[in-house]
Amino acid sequence: MLYLLLPLLAALFPGGDSEVDPFDVQMATGCELHSGKNFIGYVQLAIQGTDFLSLQNETWLPSPKGGKKAQHFCRLLNLNQAFTHVVQRLLSNTCPRFTLGVLDAGKAHLQRQVKPNAWLSSGPSPGPGRLLLVCHVSGFYPKPLWVMWMRGEQEQLGTQQGDFLPNADGTWYLRATLDVATGEAAGLACRVKHSSLGGQDLILYWGASQHPTSFYIIQITSFANSTWTRHRGSGWLDDLQIHGWNSDTGTAIFLKPWSKGNFSDAEISDLVELFRVYDFSFTREMQAHVSEFQLEYPFEIQGIAGCELHSGGAILSFLRGALGGRDFVSFRNSSCVPAPEGGSRAQLVCTLLRPYGDIFQIVEKLLYETCPRYLLGVLEAGKADLQRQVKPKAWLSSGSSPGPGRLLLVCHVSGFYPQPVWVMWMRGEQEQQGTQRGDFLPNADGTWYLRATLDVAAGEAAGLACRVKHSSLGGQDLVLYWGEKGLGPRWEIGGDGAQE
């Protein structure tokens, strides 16, 4: 539908020296099913994030914020009754029929219940003597979820929830953070409520050891039927992917110049061949024992194996397997250990695997000898890259209006490395507690992006500034002051000075 409107929009917003060239057009159109099976169709169009027009009762109405251009545009559209009639028919007839059909066709999928996985970590320090506690919740469906930092039964009102982010399998990810004084972290826990848990909340207690450096390999194998499988493999150093796996050719992909660590080409070749044989054998054995393992197609198996370097030099190794996203088995003390969530099926699998002592010896050597040696070597080989300091660039903009008479101030910080960064909206030396930080997003060059927003009354924006602290800045903070003309400052500040 937007394509039909583009010629008119182009005429209203010509190129050249126009102050809105280039410009963005956003449109939302669809229908909502309300109680009583009443459908309400809608078309809403915005220019540069500002409401422009809508369709109501077969009449195009300009938004007050759209000004004279919106009024002129609606007059043109209302003259074209044939076009308006087609749009209205799509909204009142086609969209409701499609919605009812897709709700029925997708009932089993849409009404499924998938339990969340949760883990804790610490985020970038909010300031001297403070900790940012992070509770990650992932892999759950449906989307509604309650997560809160707690002390006993007392909710911590400083809990900040991020945005719901989609996973590739259609489930969701959410994180909740809490900024606390370092000495007050003990005794805190993250509580998770979800419809799939049957009233049994997940509770994760904040512990003392939160900062190991780990290398791990992730394997995901999907079995659609007895002849079709898909393999995905990757190697990670903490949150940085340094390896991929091409399952078609059975070859490793080294994503960094130092991804081989200090291993020789011969050692790498032997490991790749080992994983190639494992890849083939794992698929063959699973397909051959589907009935014996009490599995039904389609199913998916996830595995993670690696080692963690803790403070003091201790290295702990791990291997865990999951079935359909739920813990299934793990490897401890040279043997297979069924997870409680795996039930009798996991116990059966471990029983069937028990005779394969030679395989357990290979796994044990990989976990407790090869992985620690590789982790230490790759940390040394990649030291220059991993310990590099890249200064952030920052700029300000305004977001979509939170409501009448209010502004959403946005501070963008990008291109920095390493990841820990402190960003806060300030008035003088006073931190603005309403500052909301988004999630860290990776840039293509391995650096990071973060944004911090502040919802303020329009008359209170003057005098506010965004302050950025990062290890690359040598103690010299970036400070960007909110301006009064247009949408605010249009400059960029980085390591090379400022540009207006």
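Residues numbered from 1 in each chain as written. Predicted model: local features only at pLDDT ≥ 70, side-chain atom pairs only at ≥ 80, totals over all residues. Heavy atoms only, no water.

Asker: Lay out the overall build of the chain with the relevant residues and their values.
Answerer: Of regular secondary structure, the chain possesses 8 helices and 32 strands. With respect to the three principal axes, the spread of C-alpha positions in the chain is 80 × 60 × 50 Å. Relative to its 500 residues, the chain shows a buried fraction of 38%. Accessible area for the chain stands at about 28200 Å²; split by element, carbon and sulfur atoms hold 54% of it. With 41 positive and 46 negative side-chain charges, the chain shows a spacing of 4 Å between the two charge centroids. (Helix = DSSP H or I, 4+ residues; strand = E, 2+ residues; numbered from the N terminus. Buried < 20%, exposed > 50% of the residue type's maximum accessible area, 1.4 Å probe, protein only. Areas by Shrake-Rupley, 256 points an atom, 1.4 Å probe, with all protein chains shown as cover. Lys, Arg positive; Asp, Glu negative; His and termini not counted. Charge placed at Lys NZ, Arg CZ, Asp CG, Glu CD.)

Asker: Report on the sheet that holds strand β4 (residues 59–62), specifying residues and quantitative values.
Answerer: Sheet architecture is open: 4 strands sit in the order β1-β2-β3-β4, paired in antiparallel fashion. This sheet does not close on itself; its edge strands, each paired only once, are β1 (25–34) and β4. Pairwise comparison of adjacent strand axes, ignoring direction, gives a mean angle of 25° for this sheet. Bridge analysis of strand β3 (residues 50–56) against β4 gives 4 bridges, and the strand direction is antiparallel. For L55, the partnering residue across the bridge sits in β4 and is W60. The sheet strands contacting helix α2 (residues 67–79) are β3 and β4, and the helix crosses β4 at an angle near 175°. Against the sheet, helix α3 (residues 81–105) touches β1, β2 (38–47), β3 and β4, its axis set at about 55° to β1. (Pairing = 2+ DSSP bridges. Axes fitted to C-alpha atoms, helices over the stretch in contact; angles between N-to-C directions. Contact = heavy atoms within 4.5 Å.)

Asker: How would you sum up helix α7 (residues 357–381)? Please name residues and give values.
Answerer: Compared with an ideal rise of 1.5 Å per residue, which puts 25 residues at 36 Å, α7 spans 34 Å between its outermost C-alpha atoms and is within 8% of the ideal. Listed in full, the buried residues belonging to α7 are F360, L367, T370, C371, P372, Y374, L375, G377 and V378. (Expected span 1.5 Å × (residues − 1).)

Asker: Can you lay out the sheet that holds strand β12 (residues 188–193) for me, pointing to particular residues and giving the numbers?
Answerer: Strand order across the open sheet formed by 4 strands is β8-β7-β12-β13, with antiparallel pairing between neighbours. The two strands at the open ends of the sheet, each matched to only one other strand, are β8 (154–155) and β13 (202–205).

Asker: So what's going on with the UniProt feature "domain: Ig-like" (unreviewed entry) in the chain? Residues and values would help.
Answerer: If you check UniProt for "domain: Ig-like" (unreviewed entry), the listed places come out as residues 96–196 and 372–472 in our numbering. When the span residues 96–196 is considered, its composition is 14% helix and 45% strand, and the gap between its end C-alpha atoms is 29 Å. (UniProt positions renumbered as here; feature names shortened; annotations may be inferred.)

Asker: Account for the packing of aromatic side chains, with residues named and values stated.
Answerer: Centre-to-centre distance and the angle between the planes together describe a pair of aromatic rings. Under the definition given, this model contains 13 aromatic pairs. Aromatic pair W60 and F83: ring centres 6.1 Å apart, planes at 15°, arrangement stacked. Of the two residues, W60 sits in strand β4 while F83 sits in helix α3, which places them 23 residues apart along the sequence. With a relative accessible area of 1%, W60 lands in the buried category. Residue classification places F83 among the buried residues on the basis of a relative accessible area of 15%. (Phe/Tyr/Trp six-rings, centres within 6.5 Å; stacked < 30°, edge-to-face > 60°.)

Asker: Lay out the environment of Y42 in plain terms, naming residues and giving numbers.
Answerer: Mapped onto the elements, Y42 comes out in strand β2. Sequence-wise, Y42 and G30 are 12 residues apart; in three dimensions their C-alpha atoms are separated by 5.6 Å. Setting aside residues up to four positions removed in sequence, Y42 forms contacts with A28, T29, G30, C31, E32 and L91.

Asker: Explain helix α5 (residues 265–288) to me, using residue names and the numbers behind them.
Answerer: With 24 residues, α5 ought to run about 34 Å at 1.5 Å a step, and its terminal C-alpha atoms sit 34 Å apart, in line with that. Inspection of α5 places I268, L271, V272, D279, F282, T283 and M286 among the buried residues, and these make up the whole buried set. Next to the buried residues of α5 lie β14 (213–223), β15 (229–237), β16 (240–246), β17 (251–254), β18 (299–309) and α7.

Asker: Which residues make up the state of the cysteines, and what values do they have?
Answerer: Here a disulfide denotes one covalent bond, and it connects the sulfur atoms of two cysteines. Using the criterion set out here, one finds 5 disulfides in the structure. Through a disulfide, C31 is tied to C95; the S-S separation comes to 2.0 Å. Here C31 and C95 share a disulfide; its torsion about the S-S bond, -90°, makes the bridge left-handed. Of this pair, C31 sits in strand β1 while C95 sits in helix α3, and the two are 64 residues apart along the sequence. In terms of burial, C31 and C95 fall into one category: buried. The disulfide partner of C411 is C466, and the gap between their sulfur atoms is 2.1 Å. Here the S-S torsion is close to -80°, and the disulfide linking C411 with C466 is therefore left-handed. With a gap of 55 residues between them, C411 in strand β23 (residues 406–416) and C466 in strand β29 (residues 464–469) connect regions that are remote in the sequence. (Disulfide = S-S within 2.5 Å.)

Asker: Tell me about the side chain of T221, and name the residues and values.
Answerer: Looking at where T221 falls in the secondary structure, it is placed in strand β14. Within the structure, T221 has its side chain in polar contact with the side chain of Q219 (distance 2.9 Å). If near-sequence neighbours (up to four positions away) are discounted, T221 is found in contact with R230, H231, F282, F299, E300 and I301. (Polar contact = N/O pair within 3.5 Å; in protein donor to acceptor, adjacent residues only side chain to side chain.)

Asker: Can you break down the packing of α5 against α7 residue by residue, with the values?
Answerer: Close contact between α5 and α7 brings their axes to 14 Å; oriented N to C, the two are set at 145°. The chirality of how α5 crosses α7 is left-handed. Listed contacts from α7 to E267, L271 and L274 of α5 are I362, L366, T370 and R373. Taken together, the residues of the contact of α5 with α7 sort by class into 4 nonpolar, 1 polar and 2 charged. (Left-handed = near helix turned anticlockwise from the far one by under 90°. Nonpolar A, V, L, I, M, F, W, Y, C, P; charged D, E, K, R; others polar.)

Asker: Kindly report on the nonpolar core, identifying the contributing residues and their values.
Answerer: If you look at soluble globular proteins, the nonpolar side chains tend to sit buried side by side. Counting residues in each nonpolar core, the largest one holds 40 residues, and the members touching the most others are L237, V423 and W425. Counting residues per element, this core draws most heavily on strand β28 (residues 448–457), which supplies 5 residues. (Core = buried A, V, L, I, M, F, W, Y, C linked by side-chain atoms within 4.5 Å.)

Asker: Can you explain a nonpolar patch on the surface? Please cite residues and give values.
Answerer: Taken together, the side chains of L33, F98, L100, V102, L103 and L110 define a hydrophobic patch exposed on the protein surface, amounting to about 520 Å² of accessible area. In terms of residues, the nonpolar patch owes the most to one element, α3, which gives 4 residues. (Patch = residues over 30% accessible without salt bridge, like charges linked within 9 Å, V, L, I, M, F, W, Y side chains within 5 Å. Salt bridge = Lys/Arg side-chain N within 4 Å of Asp/Glu carboxyl O.)

Asker: An account of the pattern of salt bridges is requested, with residue identities and associated values reported.
Answerer: Tallying each qualifying case throughout the model produces 17 salt bridges. Between R406 and D455 there is a salt bridge, and its shortest N-O distance comes to 2.7 Å. Placement of R406 in strand β23 and of D455 in strand β28 is noted, with a sequence separation of 49 residues between them. D455 sits in the partly exposed class, given a relative accessible area of 38%. A salt bridge links R467 to D477, with the nearest nitrogen and oxygen atoms 3.1 Å apart. With R467 in strand β29 and D477 in the loop between β29 and β30 (478–481), this pair connects stretches of sequence that are 10 residues apart.

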